[in-house]
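As a plain string of letters, each chain reads:
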Amino acid sequence: MSGNRHDGLRLQTLAVRAAVERSQYGENSEALYLTSGYVQPSAEASARRFAGAEEGYTYGRSGNPTVTSFEQRLSALEGSEATMATSSGMSAIMLMCFALLKAGDHVVLSQSMFGSTLKLIGSEFARFGVESTTVPQTDLAAWKAAIRPNTRLLFAETPTNPLTEVCDIAALADLAHNAGAWLAVDNCFATPALQRPIDLGADIVMHSGTKYLDGQGRVMAGALCAPEKMVIEKFLPVQKNSGMVLSPFNAWVVLKGMETLDIRMKAQSALTLELAQWLEQHPAVARVYYPGLTSHPQHALAMRQMSLGGAVLSFEVKANGPEQARARAFHVLDSMQLLSLCTNLGDTKTLLTHPASTSHGKLSEAQRQAAGIGQGLIRVAVGLEHPQDVQDDIARGLNTLA
Ligand SMILES: *Cc1c(COP(=O)(O)O)cnc(C)c1O
């Protein structure tokens, strides 16, 4: 892809301008190309395209102009040379591991990563001989100690779900590179509007476009932002032969979503900080987890690495023991009349979840406690409603606990 057209332009501009060239019709909003095949100009040209000697679309599994627009726009936002779009965030991780790892290779990742990420690498890839070690998210010495001669990949996510733990991307990049490994960062929670891992030394940025890139809770999408050589030589062959492609319609939806990414992330971060501060002084709340709060253990690092705290916070209701904690958390959730009880995030609507019975429901009570996911924990992915309406709806249940 050619990034040169956009040299010097700023993120907000790139978010609405970076895309493939307009068609002959001069459409101002990027076109949605719903086609699975492409008519070839000649047999010779077709042969050159299939041999990789000429650019041009051949078949939907190996490329689509609307998908290319999505890829170019995300590359521009993340500051990466290239991007490979995928059908979901998990398929991006699947593609990355498929393309970069083989039996006998080793991955180091945080124990606080997204649950499906831990299962995919720790269980599914383990069946094919890929080894992995999980480490405490914020313990740099543990990351370093876990590295072995066969370590090929360090995989980090920051801030994490649901406790918003932050790790030091620049320090992890140094660790990885000194070991001859790559650093990949799951940038779902912060997005390039708040945090640009490649500027901090990461080699690969992974996205679930399902979340803030779309930002309106409509479609599934994923992506890997990486050096052009890695995308062309490692990711593209796997993508072509495995078919984890992003549908052009979903690409178009997320492409449009990215146009408002920056203003959404700023507005939602401000609303989240306000909610976090209100929750922190609420008598029924034991603890609030949010990187934008000065009480957050990695607040200084978070504010160095991110421009704002993001739109996800978690809080713990006060209780005596896990049973009461669960009952109280359920009471808060069931008392809501406006906000959504919904295991997603990155929407304009505020969504609340109970991690201990959903995303972390399959863990034993001991494992959950080790992970810090108590029965009284509630995650809030803050949307764009008026802050007073959000507070009032959460207060409905909370105020009757105090
Ligand atoms: C949702 C999510 C994923 C997985 O993305 P899907 O699009 O649901 O496959 C990975 N990492 C994080 C942090 C997420 O929030």
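Residues numbered from 1 in each chain as written. Predicted model: local features only at pLDDT ≥ 70, side-chain atom pairs only at ≥ 80, totals over all residues. Heavy atoms only, no water.

K.L.:
Could you clarify how one ought to interpret the overall build of the protein in this entry?
P.N.:
Each helix and strand counted, the protein has 15 helices and 12 strands in total. For the protein, whose C-alpha radius of gyration is 22 Å, the value lies close to the compact-globule estimate of 21 Å for 402 residues. By its C-alpha atoms, the protein is 75 × 50 × 35 Å across when sized along the principal axes. The buried share of the protein, taken over its 402 residues, is 53%. Counting only contacts in the protein whose residues sit at least 6 apart along the sequence, the fraction spanning at least 24 positions is 72%. Carbon and sulfur atoms provide 53% of the accessible area of the protein, an area that totals close to 17,100 Å². Where the 33 positive side-chain charges of the protein centre and where its 37 negative ones centre are 2 Å apart. (Helix = DSSP H or I, 4+ residues; strand = E, 2+ residues; numbered from the N terminus. Rg over C-alpha atoms; globule rule 2.2 N^0.38 Å. Buried < 20%, exposed > 50% of the residue type's maximum accessible area, 1.4 Å probe, protein only. Contact = heavy atoms within 4.5 Å. Areas by Shrake-Rupley, 256 points an atom, 1.4 Å probe, with all protein chains shown as cover. Lys, Arg positive; Asp, Glu negative; His and termini not counted. Charge placed at Lys NZ, Arg CZ, Asp CG, Glu CD.)

K.L.:
What is the right way to read the UniProt feature "modified residue: N6-(pyridoxal phosphate)lysine" (unreviewed entry) in the protein from this model?
P.N.:
Following the UniProt record, one finds the feature "modified residue: N6-(pyridoxal phosphate)lysine" (unreviewed entry) at K211. Apart from residues no more than four positions distant in its own chain, K211 is found in contact with N344, L345 and G346. (UniProt positions renumbered as here; feature names shortened; annotations may be inferred.)

K.L.:
Is there a simple way to think about the pattern of salt bridges in this case?
P.N.:
A side chain with one charge can pair with a side chain of the opposite charge if their charged atoms come near. Overall, the coordinates contain 16 salt bridges when judged by the stated rule. Note that E30 and K256 form a salt bridge whose closest N and O atoms lie 2.8 Å from each other. Pair noted here: E30 is in the loop between α1 (11-17) and α2 (43-50) and K256 is in helix α10 (residues 248-258), with a separation of 226 residues, a long-range link. Linking E259 and K256 is a salt bridge whose minimum nitrogen-to-oxygen distance equals 3.1 Å. A cluster of three or more residues bridged by salt bridges with shared partners is formed by E30, R73, K256 and E259. (Salt bridge = Lys/Arg side-chain N within 4 Å of Asp/Glu carboxyl O.)

K.L.:
Looking at this structure, I do not really get a nonpolar patch on the surface. What am I missing?
P.N.:
Together, L32, L34 and F249 give the surface a local cluster of nonpolar side chains, amounting to about 290 Å² of exposed area. Relative to the elements of secondary structure, L34 occurs in the loop between α1 and α2. Judged by relative accessible area, which is 62%, L34 ranks as exposed. (Patch = residues over 30% accessible without salt bridge, like charges linked within 9 Å, V, L, I, M, F, W, Y side chains within 5 Å.)

K.L.:
Please explain the pairing of strand β9 (residues 312-317) as it appears in this structure.
P.N.:
Moving residue by residue along a regular strand, the side chains alternate between the two faces of the sheet. Buried residues dominate β9, accounting for 6 of its 6 residues. Residue alternation in β9 divides its side chains into two sets, V312, S314 and E316 and L313, F315 and V317, and both sets are buried. In this structure, β9 lies alongside strand β12 (residues 377-381), joined through 5 bridges in antiparallel fashion. Bridge pairing links L313 to V380 in β12. (Pairing = 2+ DSSP bridges.)

K.L.:
What is the right way to read the environment of R379 from this model?
P.N.:
Considering the arrangement of structural elements, one finds R379 in strand β12. Accessibility expressed as a relative area gives 5% for R379, which makes it buried. In this structure the C-alpha to C-alpha distance between R379 and G321, which are 58 residues apart in sequence, comes to 19 Å. Of the polar contacts made by the side chain of R379, one reaches the backbone oxygen of N344; its length is 3.0 Å. (Polar contact = N/O pair within 3.5 Å; in protein donor to acceptor, adjacent residues only side chain to side chain.)

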